[in-house]
Amino acid sequence: MKYFYLITNEVKDPEGFYTRKITAYLAAHGGKVVCTEHAASYPKLCKPDLAKPEVPDCILVLGGDGTLLRAARNLLNQDIPLLGINLGTLGYLAEVEIAAIEEALDKLLADRFTREERMMLEGQVRRQDMAEQNYALNDIVISRCGSLQVLTFQIYVNGQFLNSYSADGMIVATPTGSTGYNMSAGGPIVEPGASLLLLTPICPHTLNTRSIVLAPDDEIRIEIPRGKDGQRQTVEASYDGSHKVRLQTDDSIVIRRADKTTGILKLNTESFLTVLHKKMSE
């Protein structure tokens, strides 16, 4: 690899210290880097040559898991692998810690890496004659907006009624997203290379608090009926915690495996269980 894009979370690198460090190191070792953010602040380091458009070999995402998730959604159709560089705290996607950045860049330049394809979710909100479609790498969360009322959901899988839930929300997660909100809500942790769907209620008002593991090709439909005492409900569908769509009573969202994947570069030879052990010990 020789040609890189660098996406920087300006909140976590406000002065651009790590942005400059990475771009300078790559330039000194025969690489080329273009900053897709911070370009106005560092024109000499990051200004792209628009006369010679090139497809980068890799996109370096400097920030945390949230920054990488946003990049995965924004670059959905580019088929360019991502590598996360962690400036946050507990990161499962952004595997490179900033203390080991030079070693990681050396591996990229020498093509010492593997590429994993991570499944994504497609969520289509349906209301009357309108449908809005979006994608997520981690999860799609349907939760309340406004007052702290208990929500009611009707869940269908492949057109067959599964259950009615009274809860604070519902999570549909990929294996990659199993270590995110799904884990915090008591859902299972899944090896990220697996192919399956996770359905996890958030604070369900019932003794049945179990997550449900579904086949990767199953289709989940979550309908928003009337709530307690026949009141209309207003909820929010959140894609990877960023893009949000509001739903009301009689609306629904259909969630299935997307026909697109996200390429994630792996530099470490440690197994997922070893990484998980370290993260759980922090």
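Everything numeric in this text was worked out from a predicted model, so none of it was measured.

**Looking at the packing of aromatic side chains**
Thought 1: Overall, the coordinates contain three aromatic pairs when judged by the stated rule.
Thought 2: Consider the rings of Y3 and Y5, whose centres lie 5.9 Å apart with planes at 85°: the pair is edge-to-face.
Thought 3: For Y5, a relative accessible area of 23% corresponds to the partly exposed category.
Thought 4: Taking 5.3 Å as the distance between ring centres and 65° as the angle between the ring planes, the aromatic pair formed by Y156 and F161 counts as edge-to-face.
Thought 5: Classification of Y156 by relative accessible area gives buried; the value is 18%.
Thought 6: Under the relative-accessibility criterion, F161 is labelled partly exposed at 42%.

**What to know about the side chain of T200**
Thought 1: Here T200 is to be found in strand β12 (residues 197-202).
Thought 2: At a separation of 2.8 Å, a polar atom in the side chain of T200 contacts the side chain of S211.
Thought 3: In this structure, T200 is in contact with G169, M170, I171, N182, A185, G187 and S211, ignoring residues within four places of it in sequence.

**Side note on the environment of I171**
Thought 1: Along the polypeptide, I171 turns up in strand β11 (residues 169-173).
Thought 2: Overall, the relative accessible area of 0% leaves I171 in the buried class.
Thought 3: Separated by 83 residues in the primary sequence, I171 and G88 place their C-alpha atoms 24 Å from one another.
Thought 4: Sequence-distant contacts of I171, that is, excluding residues within four places in its chain, are made with D139, I140, V141, Y181, N182, A185, L198, L199, T200 and I202.

Cut-off values and rules
- Residues numbered from 1 in each chain as written.
- Predicted model: local features only at pLDDT ≥ 70, side-chain atom pairs only at ≥ 80, totals over all residues.
- Heavy atoms only, no water.
- Phe/Tyr/Trp six-rings, centres within 6.5 Å; stacked < 30°, edge-to-face > 60°.
- Buried < 20%, exposed > 50% of the residue type's maximum accessible area, 1.4 Å probe, protein only.
- Helix = DSSP H or I, 4+ residues; strand = E, 2+ residues; numbered from the N terminus.
- Polar contact = N/O pair within 3.5 Å; in protein donor to acceptor, adjacent residues only side chain to side chain.
- Contact = heavy atoms within 4.5 Å.

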